[in-house]
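Letter by letter, the chains look like this.
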Amino acid sequence: MRRISNSSSLGKVLGDPPPDLHKAYAKPNAGVYLYPGELLKAPSSLPNHSVLLRVINYKKVNKLVSADALNVHESMGLKVETDGFPLGSYDIAELQVLDCFDMQNQVLKGNICVPLPNGALEPIDEQLLISLFGGKRPDKSRLVEIGDIKIGERSMKLLIDPDIFIRHVLVIGSTGTGKSWFRGVIMEKFKEKGIYQVNFDPLGEYSEAVRQLGGINIKIGRDMKLPLWTLTPAQFYDLIYDYVPTEFQRTIAVEAFKRVRERRGDKDDLIEEIGKVSEKMNAREDTYLNTVNRLNVFLDTLGITGNDDPKKIASLLNTTQLLNFDFVGLNELQRDYAVASIMTLLYEFRDPKHPLINKPVLVAIDEAHLYVPSSKRTLSRDIIKNVLRYGRHVGLALMLITQLPSSMDEETVEMPAVKIIFSISYDQLRGIRFALSDLPDDIIYGISKMETGRAIITGNRDLIRYSVVVDVTKDRKTRHGAPTPSFFG
């Protein structure tokens, strides 16, 4: 939203003191609009300190026609407001008191002071902005620009240290709000810094950008068929659960799979081992045949298993720094198998004792709600949650991208330390409100109306001290793979 005032002073803080120590109110100057989420500062009642404020809400107030106007001390002939504010009609901004800092912009702990009544609102400066994103000036050679933050009458570049992503990122937003564009921006910026990246791309949104950046697109089922032994025994059990009818038959199949996995065998080895395990367990002939026949049919139908050497993934990633696994044309089970298999391999390849992948990896999983839903088990659910818990110790970071966060496993939504929120319905946000504790309800309500390309960046306090609103940069070199088409275009 544009401002039409060139004044460096944005308005005056009202109240004497504010009715709530954690809130303040301001009367902006004529022509000035304060948008929700904007960060400002004002003089503090604590000497030689200022208060950091965030705009919660902006509205027009007319107390002359409100019930408050009836609060009159008739005996004295005075009109007095119950909240200490004068009667009248004016624009008013509700502000959240965030923090208190001294004249050197050293941020203190918490909202220990309140803004000085009638103090002037001012834009924050670059040094304070840097303090909010880490408390000290980071190494500028590592920073990447992801967009702009409006600071008073001007904009400032938001620079982030890629290392904040090592503790995982959740990107949410409705269709067409800027999620995949943001991923493309990060992909470009991180590639320039030599950071290894992997995409799981269900719609082919990133294949052209990856090609332009010198990365490799791998179409699962055509360019690579993943061996069964890349799964864990638990994942294999989940894979066959709906296709092998009895628990006894599944037990035989899993025991055979464990033997095959130890020697990196193939489908034929699995069938052979099922015969040996059936005999050892005194299974009847029809039980053995039923298990073998059902597995044969199922694995042929699955269609993306094979004997390709998975170490090819490590070799390609070390060479190009960017891999995109193209899932176009795969069904839900095939995608789930591929994600579970590749994620398990990536975790193994980053073993600190014998790493096959040379550097830490950022793994972006689009449509993440399909792989870690709240309502059912999937093959990839456990490995994704395991990486969220322990991945940073081996240098494996996740970027989970979804339009349906409330359909995801609650723990999976909560664990990422950084959250990027584009415009999305309030119902979706309500389901993950526990993960957005830094944001007041009034800002949460307004997220559904944010413009395309605008996002709120929030996260753990030691990484991002306070949430900020950022307009993601429109400066991108690679082609966006999924623009919204027009019926007339």
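Rules behind the numbers
Residues numbered from 1 in each chain as written. Predicted model: local features only at pLDDT ≥ 70, side-chain atom pairs only at ≥ 80, totals over all residues. Heavy atoms only, no water. Helix = DSSP H or I, 4+ residues; strand = E, 2+ residues; numbered from the N terminus. Buried < 20%, exposed > 50% of the residue type's maximum accessible area, 1.4 Å probe, protein only. Areas by Shrake-Rupley, 256 points an atom, 1.4 Å probe, with all protein chains shown as cover. Pairing = 2+ DSSP bridges. Arc of directions from axis to C-beta. Contact = heavy atoms within 4.5 Å. Salt bridge = Lys/Arg side-chain N within 4 Å of Asp/Glu carboxyl O. Disulfide = S-S within 2.5 Å.

A few points about the overall build of the protein
Secondary structure summary: the protein contains 13 helices and 19 strands in total. Taking all 489 residues of the protein together, the buried fraction comes to 53%. Looking at the protein as shown, the accessible area adds up to about 22,400 Å², and 50% of this sits on carbon and sulfur atoms.

A short note on unusual backbone geometry
Despite not being glycine, His168 has its phi angle at roughly 85 degrees, a positive value. Counting through the fold element by element, His168 comes out in the loop between β10 (154–160) and β11 (169–172). Owing to a relative accessible area of 1%, His168 belongs among the buried residues under this scheme. Of note in the backbone geometry, Arg264 takes a positive phi value of approximately 55 degrees without being a glycine. Topologically, Arg264 is positioned in the loop between α5 (247–262) and α6 (267–280).

So, the pairing of strand β16 (residues 396–402)
Walk down a regular strand and you will see the side chains alternate between the two sheet faces. Summarising burial for β16: seven of the seven residues are buried, a large majority. Because side chains alternate across β16, one face comprises the buried residues Leu396, Leu398, Leu400 and Thr402, and the other comprises Ala397, Met399 and Ile401, equally buried. Summarising the sheet, β11 and β16 pair through four bridges and their orientation is parallel. Note on β16: the bridge partner recorded for Val171 is Ile401.

Notes on helix α8 (residues 311–320)
Ile313, Ala314, Leu316, Leu317 and Thr320 are the residues of α8 that are buried. All buried residues of α8 fall inside an arc of 170 degrees around its axis, so they share one side. Away from its buried face by more than 90 degrees, α8 exposes Lys311 and Thr319. Tucked inside the fold, the buried residues of α8 contact α2 (179–192), β12 (196–201), β13 (216–219), β14 (322–326), α9 (332–349) and β15 (361–365). Where α8 ends, the next residue or the one after it, Gln321, has phi of about 70 degrees, a positive value.

So, the environment of Ser425
Along the polypeptide, Ser425 turns up in the loop between β17 (418–421) and α12 (426–430). In this structure the C-alpha to C-alpha distance between Ser425 and Ser448, which are 23 residues apart in sequence, comes to 5.0 Å. Not counting the four nearest positions on each side in its chain, Ser425 is found in contact with Ser174 and Ser448.

Some remarks on the pattern of salt bridges
Side-chain pairing between opposite charges can occur once the charged atoms of the two side chains come close. Overall, the coordinates contain 29 salt bridges when judged by the stated rule. Between Glu208 and Arg211 there is a salt bridge whose closest N-O contact spans 2.4 Å. On the criterion of helical spacing, the pair formed by Glu208 and Arg211 is a turn pair, its members being three residues apart in helix α3 (residues 207–212). A salt bridge links Lys376 to Glu332, with the nearest nitrogen and oxygen atoms 3.0 Å apart. Here Glu332 lies in helix α9 and Lys376 lies in the loop between β15 and α10 (381–394), a separation of 44 residues in the sequence.

Re the state of the cysteines
Inspection of every chain in the model, using the stated rule, returns one disulfide. Residue pairing for Cys100: its cysteine sulfur links by disulfide to Cys113, the two sulfurs lying 2.1 Å apart. Here the S-S torsion is close to 120 degrees, and the disulfide linking Cys100 with Cys113 is therefore right-handed. Taken as a pair, Cys100 in strand β7 (residues 89–102) and Cys113 in the loop between β7 and β8 (120–123) lie far apart in primary sequence, 13 residues in all. Look at Cys113 and you get buried, because its relative accessible area is 6%.

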